[in-house]
Amino acid sequence: MKLTLVRGDITGQHADAIVNAANSSLMGGGGVDGAIHRRGGPEILEECRKLRAGHYGKGLPTGQAVATTAGRLPAKWVIHTVGPVYSASEDRSELLASCYRESLRVADSLGAASVAFPAISTGIYGWPMDDAAGIALETVRQADTAVEEVRFVLFDAAAYAVFEARL
Ligand code: ADP
């Protein structure tokens, strides 16, 4: 598997699948989630609503992943995953690792060869970047997947530098 780092906005990435740092409601939010829905258009939210009306009536549980169309984004699918909120008193690393693993599992089920990830949980959910980067890179490296390219899309120079150092 080819592992690459890019600095930029994930909504501009050409990839088979783009991963959304969603929240369990699947109804949109801030950060990556807001940007994906803004730029991807209403079709994505429409599919999210259907997911909530069907299998995910109570929302998407933390650490799990589900795909929708990518709407107007330059990708075929958006894979929505819900990162854990960071806690200093409780180790939630396994849930963060699960987001990456489950997203790749969904990507495999779709036949996606390239997947772009943001740094899940490092924004509104407060996970320290260095620790999150270690979990992200290690989990993706060890994943049993047919995905050929995993790209981490880091929003700012600081996040990029942390991932680069860890890689
Ligand atoms: P979470 O709720 O999982 O913490 P956020 O979307 O708040 O998710 O943030 C996750 C990371 O993505 C943060 O490091 C944030 O700076 C970054 N980010 C925010 N917007 C974008 C974007 N458009 N493209 C790529 N990364 C982004």
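How each quantity is defined
Residues numbered from 1 in each chain as written. Predicted model: local features only at pLDDT ≥ 70, side-chain atom pairs only at ≥ 80, totals over all residues. Heavy atoms only, no water. Pairing = 2+ DSSP bridges. Helix = DSSP H or I, 4+ residues; strand = E, 2+ residues; numbered from the N terminus. Axes fitted to C-alpha atoms, helices over the stretch in contact; angles between N-to-C directions. Contact = heavy atoms within 4.5 Å. Near = heavy atom within 4 Å. Polar contact = N/O pair within 3.5 Å; in protein donor to acceptor, adjacent residues only side chain to side chain. Areas by Shrake-Rupley, 256 points an atom, 1.4 Å probe, with all protein chains shown as cover. Nonpolar A, V, L, I, M, F, W, Y, C, P; charged D, E, K, R; others polar.

Caption draft 1: Local environment of the sheet that holds strand S6 (residues 149-154). Within the open sheet, the 6 strands sit side by side as S1-S6-S5-S2-S4-S3. Their pairing is mixed. Of all the strands in the sheet, the pair left with one neighbour each is strand S1 (2-7) and strand S3 (65-69). Put simply, the sheet's adjacent strands are angled 25° from each other on average, direction ignored. In this sheet, strand S5 (residues 114-117) lies alongside strand S2 (residues 15-22) in parallel orientation, the contact comprising 2 bridges. Considered in S5, the bridge of Ala17 is made with Val115. Where helix H1 (residues 31-40) meets the sheet, its contacts fall on S2 and strand S4 (75-82), and the angle it forms with S2 comes to roughly 130°. Here helix H3 (residues 93-110) sits on the sheet and contacts S2, S3, S4, S5 and S6; the angle it forms with S4, its principal contact strand, is near 150°.

Caption draft 2: Geometry of the site of the ligand. Residues in contact with the ligand amount to 15 residues; listed here are only the nearest, Val32, Ser121, Thr122, Gly123 and Ile124. At a separation of 2.9 Å, a nitrogen atom of the ligand approaches a polar side-chain atom of Asp9. Within the backbone of Val32, a nitrogen or oxygen atom sits 2.8 Å from an oxygen atom of the ligand. Protein contacts shield 90% of the accessible area of the ligand, which totals 560 Å² for the unbound molecule. Split by residue class, the shell around the ligand holds 9 nonpolar, 5 polar and 1 charged.

Caption draft 3: Main features of the packing of H1 against helix H2 (residues 42-53). The interhelical angle for the contact between H1 and H2, taken along N-to-C directions, is 115°, at an axis separation of 6 Å. Between H1, through Ile36, His37 and Gly40, and H2, the contact on the second element is made entirely by Pro42, Ile44, Leu45 and Cys48. Considered class by class, the residues forming the contact of H1 with H2 number 5 nonpolar, 2 polar and no charged.

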